[in-house]
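# Reading the structure
What follows is each chain in one-letter form.
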Amino acid sequence: VFDVCYALQVPSTGEEESLHVVQSYDDLSRKLWRLEGLPLSITAVQGAHPALRYTQVFPPLPLKLDYSFFVKEKISRSLVPKEDKPCPAYVTPITVICHMEGSGKWPHDRLAIRHIRAAFHIRLGELLQKYHNYPCRPSPTHLDVWKDGLLFRIQVAYHREPQVLRESVNAEGLLVVRDNEEAQALEMATIHKPLLTSTLHGLQQQHQCFGAVCRLAKRWLGAQLFSEDITEDTADLLVASLFLQPAPFTPPGSPQMLHRVVMLAAESLKVLEHQLMDGGQMQDVRVVMRPPLDAYDVLIHLNPKQVPLLNQGVDPPAVTFSRGIMAGNAAHSGGVMPVIDYNPVSLYLAELRDSFGDLALFFCDPYGGTVIAVLWNPKAFMPLPFKTSQVSARSVEVTGEEAKTVPNVEAILEDFRNMGKGLVKSVEARTEKWSF
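Rules used in this analysis
- Every chain is numbered on its own, with residues counted from 1 as its sequence reads.
- Reporting in this predicted model follows two pLDDT cut-offs: at least 70 for local features of residues, and 80 or more for side-chain atom pairs to be given and counted; totals over whole chains, interfaces and linings ignore these cut-offs and use all residues.
- By convention in this description, side-chain values take in all heavy atoms of the structure and omit both hydrogens and water.
- For helices the rule is a DSSP run of H or I covering at least 4 residues; for strands it is a run of E covering at least 2, with both sets numbered from the N terminus onward.
- Polar contact is defined as a pair of N or O atoms within 3.5 Å, subject to the rule that within protein one atom must be able to donate a hydrogen and the other to accept it, and that residues adjacent in sequence are counted only when both atoms are side-chain atoms.
- The criterion used for residue contact is that any of the two residues' heavy atoms lie within 4.5 Å.
- Basic side-chain nitrogens of Lys or Arg form a salt bridge, by our definition, when they fall within 4 Å of a carboxyl oxygen of Asp or Glu.
- Under the scheme applied here, a residue whose accessible area is under 20% of the maximum for its type counts as buried, over 50% as exposed, and between as partly exposed, the area being computed with a 1.4 Å probe on protein chains only.
- Axis lines are fitted through C-alpha atoms, for helices just across the contact stretch, and the angle between N-to-C directions can take any value from 0 to 180 degrees.
- Should the near helix be turned anticlockwise from the far one by less than a right angle, the crossing is left-handed, and should it be turned clockwise, the crossing is right-handed.
- Charged residues are taken to be Asp, Glu, Lys and Arg, nonpolar residues to be Ala, Val, Leu, Ile, Met, Phe, Trp, Tyr, Cys and Pro, and polar residues to be all remaining types, Gly included.
- Each pair of strands is called paired provided DSSP finds at least two bridges between the two strands.

This part takes up the side chain of T197. With respect to the element layout, T197 can be found in helix α4 (residues 181-206). Looking at T197, its side chain comes within polar contact range of the side chain of R53, at 3.1 Å. With residues near it in sequence (within four places) discarded, T197 still touches G47, A48, H49, L52 and R53.

Tallying each qualifying case throughout the model produces 23 salt bridges. Of the charged contacts in the structure, one is a salt bridge between E228 and R353, with a shortest N-O distance of 3.0 Å. Taken together, the residues E228 in the loop between α5 (210-223) and α6 (232-244) and R353 in helix α8 (residues 344-356) connect sequence positions 125 residues apart. Its relative accessible area of 25% is what places R353 among the partly exposed residues. Overlapping salt bridges, with partners in common, bring together R53, K193, K218, E232, D233 and D236 in one network.

Interaxial distance between α4 and α6 falls to 11 Å at its minimum, and their mutual angle equals 35 degrees. Both α4 and α6 take part in a crossing whose hand is left-handed. Across the interface between the two elements, K193, L196, L200 and L203 of α4 pack against D233, D236, L237, A240 and L244 of α6. Counted by class, the contact of α4 with α6 contains 6 nonpolar, no polar and 3 charged residues.

Glancing now at the sheet that holds strand β14 (residues 371-376). Here 4 strands make up an open sheet; going across it, the order is β13-β14-β11-β18 and the pairing antiparallel. Of all the strands in the sheet, the pair left with one neighbour each is β13 (360-363) and β18 (424-429). Pairs of neighbouring strands in the sheet enclose a mean axial angle of 20 degrees, with direction left out of account. For strand β11 (residues 298-302) and β14, the ladder comprises 4 bridges, and the chain directions are antiparallel. From the neighbouring strand, L299 faces β14, where its bridge partner is A373. Its contacts with the sheet place α8 against β11, β13, β14 and β18, and it is angled at close to 170 degrees to β13.

What follows is the structure in structure tokens.
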């Protein structure tokens, strides 16, 4: 059985770590319910994170911080890693939705509601710090709470806010109700994701291996560079469908991406079966996790020192780095707020997709991957008529009296390096793989 937590250097399936997160969350939930001094009462506390349904590939571990690794920022009293240090350990925000009671005290204006929510985040932080000594950092959108070496991100929710976001007054003074992305995103975050977490947590209680299957499936999807196309929630639901409707195993009319995943999984299974049946081969089940990279046009190799999840990689790293944590049990309360949700790899990927998403597709294993694979979009390399507004990252080609532009690959690759300065180790252009 592939050990999804081998990076911990202790044999584990992730069940124990998930249980610890759930127990810490349950304790926080009880403390939130008992808080006194809020202008409105709490009506529900709901988890909205894969770790709280036992499906997080690598559940968050309680961290004991090594303060010598950091300097303390004076204004916010937060920890900042010293310049010469590697990227600090990644601290996962565990999302918790805190619903407040409906009341006439809530305004009917979207901006005013945001201000009220921000005030609740501040007040909750004051009370948790006062009564339980939890370091807290409030913001307009959430409250971060450092507890038991874990980071809980509390988001206050008001059940009527999505409806308020759908309402507007037209030029004639009439109320218009129209659905929009902002309202849908808020409903997804505060209603649907907590419901999904609760439902799948219940499925885990019925089928003890459900969480382990989800974690293994998502680890394989990540290793095969599918995480951008198949989200965590989607993968969890696909696995859940197998537990609830175990036949006929493959859903009819699968979308193209899912069909591709099924084909690749079948080939991976063949490789694994062949290895296991051949007694002369060295047994290495991780072979099914290693993606083939020969089909990609460019490989961006990352500096392992700046990859915070390096130890989660399919193959154990040759060199490990101190990332500002110590051995031993994390404190239940007190301390200083760590660096939260900082992953240079995911930030760099987002920037690449934002800047060059029309020219290429970018793939990376989110669990400690040290290579970003790039696939050019051939349609984007068709010559276009010259326009002064469309010369960014393009070169001009003149044929007779006609001027056209095409993407300047050399300049784009240089941009890859510059945008990832300090993170990017090298850019490998596999020019034999493409022709435009």
